[in-house]
Structures are given as structure tokens and as C-alpha cells.
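Examining the three-dimensional arrangement
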Amino acid sequence: MTEKEEMARAFFREGYNCSQSVMLAFCEEAGIERELALRLSSSFGGGMGRLREVCGAVSGMFMAAGCLYGYSAPKDMQAKKEHYARIQELAARFKEKNGSIVCRELLGKAGKDNSPVPSERTEEYYKKRPCEEMIGTAARLMEEYMRAHPLETDV
């Protein structure tokens, strides 16, 4: 298990949502304060506010990728193209390992519940849900991507 995978899983066990757990694991490298990272990623748990759309772990991975490698110039079409290709690559890697990037598909029957009320975090919850595994996968994929594509400041 990689360092970031362990961190992200531990954050999830503390009670943070899927997206927060992954984003928190990378906020130091991204230069984002913990509180901002938590607030920014808070809406994406449960597949975007428990709507069961894009997996929160995937959203957290995408947010981390944006903070680390994203573009900021609105007319820089090359940078946009490169970043979108990066996001598609990360999504494809996640999908290859898990079969989908959609929360409800990853959760199976449990993915039918989209009420806004979060589930209680009990040992039974952790046994039934694949979320911790998805979080670990997203963090590991982001960490692997970072190793293969060092940031300019890392050189």
C-alpha cells in the first residue's frame, strides 16, 4: 500500500467523505490549506452530494490533479487539452481497476439510496461498502501519476 493510499483510507475511517479523503492526502503537495481542501471537496462525497453520480474518490483525484497540474489561462487551449487528457487517463485507469467511475454502479444495491442523509459509519458500513477500496485506488493512481510526471518544483 502506498503512503497516499494509507493516508486517504485513514481519513475515510476518521469520517471524512470519499472526496475529502483523497483530496486531503494531496493538499500539502497542492499547496492548499487543509480547511480549504475539506470545504472544496465536501460537496463531492456520495457521488456528488449522495446523488450517486461520479464517485467521490474519483472527484477527489480529479481535484488533486487540477491543483497539481491544472491550467488557469482560459484561452490556453493546449493546456486545456493536456489537462483533459490527463483526467481521461486517470478515469480510464480507475475504471480499468473497478469497472466504473460512477458511484451507484460501484456500490451496487447500496447505490440506490440517494437521500441526503449520510450513512452512519459503523463497522458493518465499512464491511458492506467498497468505498475505502475506491479511495485507496484513487489515491494510489494519483500518487503513481505524480511519480511518472514530476512537478516542475520537484525537479
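Residues numbered from 1 in each chain as written. Predicted model: local features only at pLDDT ≥ 70, side-chain atom pairs only at ≥ 80, totals over all residues. Heavy atoms only, no water.

**A short note on the side chain of Lys80**
- Tracing the chain through its elements places Lys80 in helix α6 (residues 77-98).
- Of the side chains bearing the opposite charge, Asp76 lies closest to the buried Lys80, which forms no salt bridge; the N-O distance is 8.8 Å.
- Discounting residues that sit within four places of it in the chain, Lys80 has contacts with Tyr71 and Pro74. (Helix = DSSP H or I, 4+ residues; strand = E, 2+ residues; numbered from the N terminus. Buried < 20%, exposed > 50% of the residue type's maximum accessible area, 1.4 Å probe, protein only. Lys, Arg positive; Asp, Glu negative; His and termini not counted. Salt bridge = Lys/Arg side-chain N within 4 Å of Asp/Glu carboxyl O. Contact = heavy atoms within 4.5 Å.)

**Details of α6**
- For α6, built from 22 residues, the straight-helix expectation of 32 Å at 1.5 Å per residue is met to within 8% by its first-to-last C-alpha distance of 31 Å.
- Three or more residues of α6 are buried, namely Ala79, Lys80, His83, Arg86, Ile87, Leu90, Ala91 and Phe94. Looking down the long axis of α6, one finds its buried residues gathered within 130° of arc, a one-sided arrangement. Exposed and oriented more than 90 degrees from the buried face of α6 are Met77, Lys81, Gln88 and Glu96.
- Those residues of α6 that are buried are in contact with α5 (56-69), α7 (103-107) and α9 (131-148).
- Trailing α6 by a residue or two, Gly99 shows a phi angle of about 90°, which is positive. (Expected span 1.5 Å × (residues − 1). Arc of directions from axis to C-beta.)

**Quick look at the environment of Thr137**
- Tracing the backbone through its elements, the reader meets Thr137 in helix α9.
- Each residue touching Thr137, except ones within four places of it in the same chain, is listed here: Phe94, Lys97 and Asn98.

**Points about unusual backbone geometry**
- Despite not being glycine, Arg50 has its phi angle at roughly 65°, a positive value.
- Turning to its location among the elements, Arg50 is positioned in the loop between α4 (45-48) and α5.
- The class for Arg50 is buried, based on a relative accessible area of 9%.
- The phi dihedral of Arg52 falls on the positive side, at around 65°, and the residue is not glycine.
- Tracing the chain through its elements places Arg52 in the loop between α4 and α5.
- What makes Arg52 buried here is its relative accessible area of 3%.

**Topic: the pattern of salt bridges**
- All told, the structure shown has 12 salt bridges when counted by the stated rule.
- Between Glu29 and Lys4 there is a salt bridge, and its shortest N-O distance comes to 2.5 Å. Residue Glu29 is found in helix α2 (residues 18-30), and its partner Lys4 is found in helix α1 (residues 3-14); the two are separated by 25 residues along the sequence.
- Overall, the relative accessible area of 34% leaves Glu29 in the partly exposed class.
- With a closest N to O distance of 3.6 Å, Arg9 and Glu132 form a salt bridge. With Arg9 in helix α1 and Glu132 in helix α9, this pair connects stretches of sequence that are 123 residues apart.
- Each of Glu5, Arg9, Arg13, Glu123, Glu132, Glu133 and Arg140 takes part in salt bridges that share partners, so that together they form one network.

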